[in-house]
Amino acid sequence: MIRLEGVHKSFGPKRVLRGVDLTIERGQSMVIIGGSGTGKSVLLKCVLGLIRHDSGTITLEGEDVLTAERDAFLARFGMLFQGGALFDSLAVWQNVAFRLLRGSLKRPMAEAREIAIEKLRRVGLTPDVADLFPSELSGGMQKRVGLARAIAAEPDVIFFDEPTTGLDPIMAGVINELIREIVVEMGATAMTITHDMSSVRAIADRVAMLHDGVVKWEGPVARMDDATDPYLHQFITGSADGPIEAVR
Amino acid sequence: MILLSPLGAIGRSTLSMLGLIGRVAIYAAQAISHLVRPPFYPREFAQALLQIGWLSLPVVGLTALFTGGALALQIYAGGARFNAEAVVPSIVAIGMVRELGPVLGGLMVAGRVASAIAAEIGTMKVTEQIDALVTLSTHPMKYLTAPRVLAATLSLPVLVAVGDVIGIFGGYLVGTSRLGFNPATYLDNTVDFLELWDVLSGLVKGAVFGFIVALMGCYHGMNSGRGARGVGRATTNAVVSASILILASNYLLTELFFTA
Ligand SMILES: Nc1ncnc2c1ncn2[C@@H]1O[C@H](COP(=O)(O)OP(=O)(O)OP(=O)(O)O)[C@@H](O)[C@H]1O
Ligand SMILES: [Mg+2]
């Protein structure tokens, strides 16, 4: 279980998170929605300890993320970064198998490669991609390699930052299904950021909407459509009229 | 602003300079502490050795060759003023080995390597690759900084040694072909007056400069600002600070080694 209580984070004068409260049960798929620049990516990075929050507490299974033993803590996580964040000095399969080639989860090279190719197949990439370098791939392919890397070591907790942006609708559907599968089959806890409402419906158990640095609405995905919250309503319908200002 | 309150500007930049020195010192201490603790990354080390050591050979070699040649011409012209042309071989050797070899070699490597390291690590930072490393349970200090610092510290003395030989050879070429020295006498004079400590002190300087170059590259890369501009600034800062630190530490080391 991941629990955030009163999490604040500012960058200089810019107050990004202003008291976020959120609980994600074990084995649950939480989707976070919200306007561009509202701090969704920052929120995930705070949970991972990549960005230090200013105040409030974030715990994983009751353990504070700031005081947890880093190696054991991070070994439980997989993360897909918004920009892919592939290592461009390493071939695709070495990116995917990064965790399996060093450290506590180290496997023999051939086995690691096999696992990498299998994970690539699961995100819809053929084995011949394995020996290319990230710079030789299209944006959408890089994203999927990042996804394969995030799930390669079969982590308990997986964060996806916009897994389907830049993908064609068919591939987006495949990825949505894959994320759902990972949660159901592996029993992983997932936190996904997306702007794509069809993804939300496909992936989510629960949905949280972030606005103005706080969680404006949180609830099961089934209740999303008949929720009365004006912010959520405007976001789902993609309307220019409503409490969220669309600056032109 | 700077024109209006020069004292304030000096004060501010002094303070930020002191802060920077403190942060760099802490970073250096961390880098060293990661060098001696596992896990180690031999592949990254081998790659750094290739990039920093092997691929710098042409640059350092050419620098030494031309410097040795020019040095021979200068010392010949200067020596002629008091009929001491015969000192050319020994002064070229001592000058190359003790001072010019390590300093010019270090500066050339600073231009080539500190910039490359800062640009590479800075880009990794900007594209979230450093964050990704951390989430994959790999310490950036160990995986990126330690191998590069170790490789540079070990390979610069070798580069300096090669540069010494090529520089002396440059002096020899000019001395024998343009200044009328007898080849055998030139070599005899070179060897006779050169002491082991002359050579060793230059190699020690090389190791220190190598440490500085890689450290500055990594430090500025890791602290790169956001975007392409941030990386550009990090690259410039890496080269400038590495060069200045090389020159300053060269003075201190010379003071330490040769004044007793
Ligand atoms: N390292 C940083 N330094 C300064 N400001 C930052 C930093 N990281 C994020 N920000 C700021 O925090 C705000 C939220 O950024 P974040 O990346 O979390 O947005 P987001 O909700 O993920 O948006 P998008 O949907 O467009 O990805 C932005 O205004 C951004 O400028
Ligand atoms: Mg984002």
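Residues numbered from 1 in each chain as written. Chains lettered and ligands numbered in written order. Predicted model: local features only at pLDDT ≥ 70, side-chain atom pairs only at ≥ 80, totals over all residues. Heavy atoms only, no water.

Chain B goes by ABC transporter permease in an unreviewed UniProt entry, where it is assigned to Rhodophyticola porphyridii. Taken verbatim from the UniProt record of chain B, the Sequence similarities (unreviewed entry) comment is "Belongs to the MlaE permease family." (UniProt positions renumbered as here; feature names shortened; annotations may be inferred.)

**Student:** Looking at this structure, how should I read the overall build of chain B?
**Tutor:** Helix and strand counts for chain B come out as nine helices and zero strands. Of the regular secondary structure in chain B, the N- to C-terminal order runs α-α-α-α-α-α-α-α-α. Taking the principal axes of the C-alpha coordinates as reference, chain B spans close to 65 × 55 × 35 Å. Put simply, of all contacts in chain B between residues at least 6 apart along the chain, 85% involve residues at least 24 apart. Taken as a whole, chain B presents about 13000 Å² of accessible surface, with 72% of it coming from carbon and sulfur. Taking the average location of the 15 positive side-chain charges in chain B and that of its 12 negative ones, the two points are 16 Å from each other. (Helix = DSSP H or I, 4+ residues; strand = E, 2+ residues; numbered from the N terminus. Contact = heavy atoms within 4.5 Å. Areas by Shrake-Rupley, 256 points an atom, 1.4 Å probe, with all protein chains shown as cover. Lys, Arg positive; Asp, Glu negative; His and termini not counted. Charge placed at Lys NZ, Arg CZ, Asp CG, Glu CD.)

**Student:** Teacher, can you tell me more about the overall build of chain A here?
**Tutor:** What chain A contains, in helices and strands, is eight helices and ten strands. Its C-alpha radius of gyration of 18 Å places chain A within 12% of the 18 Å reference for a compact globule of 248 residues. Along the longest, intermediate and shortest principal axes, the C-alpha atoms of chain A span 55 × 40 × 35 Å. The buried share among the 248 residues of chain A stands at 53%. Long-range pairs, those at least 24 residues apart, make up 62% of the contacts in chain A with a sequence separation of at least 6. Total accessible area computed for chain A in this model is approximately 10800 Å², and 50% of it derives from carbon and sulfur atoms. (Rg over C-alpha atoms; globule rule 2.2 N^0.38 Å. Buried < 20%, exposed > 50% of the residue type's maximum accessible area, 1.4 Å probe, protein only.)

**Student:** Please explain the packing of helix 3 (residues 57-80) of chain B against helix 4 (residues 88-126) of chain B as it appears in this structure.
**Tutor:** Any two packed helices are characterised by the angle at which their axes cross and by the distance between the axes. Residue and element names in this part refer to chain B. Where helix 3 meets helix 4, the closest approach of the two axes is 9 Å, and the angle between their N-to-C directions is 145 degrees. Judged by the sense of rotation from one axis to the other, the crossing of helix 3 with helix 4 is right-handed. Along the contact surface, helix 3 presents Val59, Val60, Thr63, Ala64, Thr67, Gly68, Leu71, Ala72, Ile75 and Tyr76, while helix 4 presents Val88, Ile91, Val92, Met96, Leu100, Leu104, Gly105, Met108, Val109 and Arg112. Taken together, the residues of the contact of helix 3 with helix 4 break down into 15 nonpolar, four polar and one charged. (Axes fitted to C-alpha atoms, helices over the stretch in contact; angles between N-to-C directions. Left-handed = near helix turned anticlockwise from the far one by under 90°. Nonpolar A, V, L, I, M, F, W, Y, C, P; charged D, E, K, R; others polar.)

**Student:** Sorry, what's going on with the sheet that holds strand 9 (residues 206-211) of chain A here?
**Tutor:** Across a sheet, paired strands are connected by hydrogen bonds in the backbone, their directions being either parallel or antiparallel. Residues and elements named next belong to chain A. Spatial strand order, 6-7-8-3-9-10: six strands in an open sheet with mixed pairing. Only two strands of the sheet have a single partner each, and these edge strands are strand 6 (77-80) and strand 10 (214-220). Here the strands of the sheet are splayed against their neighbours by 15 degrees on average, with no regard to which way each runs. Bridging between strand 6 and strand 7 (residues 157-161) involves four bridges; their strand directions are parallel. By the bridge assignment, Gly78 is partnered in strand 7 with Ile158. Across the sheet, helix 1 (residues 40-48) lies against strand 3 (29-33), strand 6, strand 7, strand 8 (189-193) and strand 9, angled at about 155 degrees from strand 7, the strand it touches most. Helix 8 (residues 230-237) rests against strand 3, strand 9 and strand 10 of the sheet, and its axis sits at about 100 degrees to strand 9. (Pairing = 2+ DSSP bridges.)

**Student:** Looking at this model, I keep getting lost on unusual backbone geometry. Mind explaining?
**Tutor:** Negative phi values dominate among residues other than glycine, just as trans dominates among peptide bonds. Between Pro38 of chain B and the following residue, Pro39 of chain B, the backbone shows a cis peptide bond with an omega angle of 0 degrees. Here Pro39 of chain B is to be found in the loop between helix 1 (6-35) and helix 2 (42-53). Unlike most non-glycine residues, Ala85 of chain A shows phi in positive territory, near 55 degrees. The topology assignment puts Ala85 of chain A in the loop between strand 6 and helix 3 (92-96). Backbone geometry places Ser137 of chain B, a non-glycine residue, at a positive phi of 60 degrees. As for its placement among the helices and strands, Ser137 of chain B is situated in the loop between helix 5 (129-135) and helix 6 (140-177).

**Student:** Even after reading the chapter, I still don't get the packing of aromatic side chains, so can you show me in this structure?
**Tutor:** For any pair of aromatic rings, the description rests on two quantities: the centre-to-centre distance and the angle between the ring planes. This structure, assessed with the given rule, holds 13 aromatic pairs over all chains. Arranged with centres 4.9 Å apart and planes meeting at 45 degrees, the rings of Phe87 of chain A and Phe98 of chain A form a pair that is tilted. With Phe87 of chain A in the loop between strand 6 and helix 3 and Phe98 of chain A in the loop between helix 3 and helix 4 (109-122), the pair connects residues that are eleven residues apart, well separated along the chain. Accessibility assignment for this pair places Phe87 of chain A and Phe98 of chain A in one class, buried. Among the aromatic residues, those joined into a cluster by ring pairs are Tyr76, Phe169, Tyr172, Phe181 and Tyr186 of chain B. Above the ring of Phe11 of chain A, the side-chain terminus of Lys9 of chain A is found at 5.2 Å from the ring centroid. (Phe/Tyr/Trp six-rings, centres within 6.5 Å; stacked < 30°, edge-to-face > 60°. Lys NZ or Arg CZ within 6 Å of the ring centre and 35° of its normal.)

**Student:** Can you help me understand the pairing of strand 3 of chain A in this one?
**Tutor:** Consecutive side chains of a regular strand alternate in pointing toward one face of the sheet and then the other. All names here are of chain A. Here strand 3 lies mainly inside the structure; five of its five residues are buried. Taking every second residue as pointing to the same face, both faces of strand 3 are buried, with Ser29, Val31 and Ile33 on one and Met30 and Ile32 on the other. Inspection of the sheet shows strand 3 paired to strand 8 by four bridges, in the parallel sense. Each residue of the ladder has a partner; that of Met30, found in strand 8, is Met191.

**Student:** What is the right way to read the coordination of the magnesium ion (ligand 2) from this model?
**Tutor:** Tetrahedral coordination by four donors sets the ideal angle at the metal to 109.5 degrees; octahedral coordination by six donors sets it to 90 or 180 degrees. All names here are of chain A. The magnesium ion (ligand 2) binds to the protein through Ser41 (OG) and Gln82 (OE1); the donor distances cover 2.0 to 2.2 Å. Note that Ser41 is positioned in helix 1 and Gln82 in the loop between strand 6 and helix 3, a separation of 41 residues in sequence. We classify Gln82 as partly exposed; its relative accessible area is 35%. (Donors = N, O, S within 2.8 Å, 3.2 Å for Na, K, Ca; no water.)

**Student:** Before we go on, may I ask you to explain the interface of chain A and chain B in this structure?
**Tutor:** Contacts between chain A and chain B engage 22 residues on the former and 16 residues on the latter. Here chain A and chain B share an interface that buries about 1600 Å² over both sides, 58% of which is from carbon and sulfur atoms. When the shortest N-O distance is used, the salt bridge between Glu128 of chain B and Lys45 of chain A registers 2.7 Å. Along the contact surface separating chain A from chain B lie five residue pairs in polar contact (both at pLDDT 80 or more). Within the residue set of the side of chain A that touches chain B, elements represented by two or more residues are helix 1, helix 2 (70-75) and strand 6 of chain A. Of the residues belonging to the side of chain A that touches chain B, the class tally is twelve nonpolar, three polar and seven charged. (Buried area = accessible area lost by both parts, 1.4 Å probe. Salt bridge = Lys/Arg side-chain N within 4 Å of Asp/Glu carboxyl O. Polar contact = N/O pair within 3.5 Å; in protein donor to acceptor, adjacent residues only side chain to side chain.)

**Student:** Looking at this structure, how should I read the site of ligand 1?
**Tutor:** Of all residues adjacent to ligand 1, which total 15 residues, the nearest are Ser36, Gly37, Lys40, Ser41 and Gln82 of chain A. Surrounding ligand 1 is a set of residues that belongs to chains A and B. Between ligand 1 and Lys40 of chain A there is a distance of 2.8 Å, counted from an oxygen atom to a side-chain nitrogen or oxygen. For ligand 1, the accessible surface in isolation is 630 Å², of which the surrounding protein chains cover 72%. Residue assignment for the shell around ligand 1 shows that the elements contributing at least two residues are strand 2 (14-24) and helix 1 of chain A. In terms of residue count, the dominant contributor to the shell around ligand 1 is helix 1 of chain A (three residues). Looking at the shell around ligand 1, its residues break down into three nonpolar, eight polar and four charged. (Near = heavy atom within 4 Å.)

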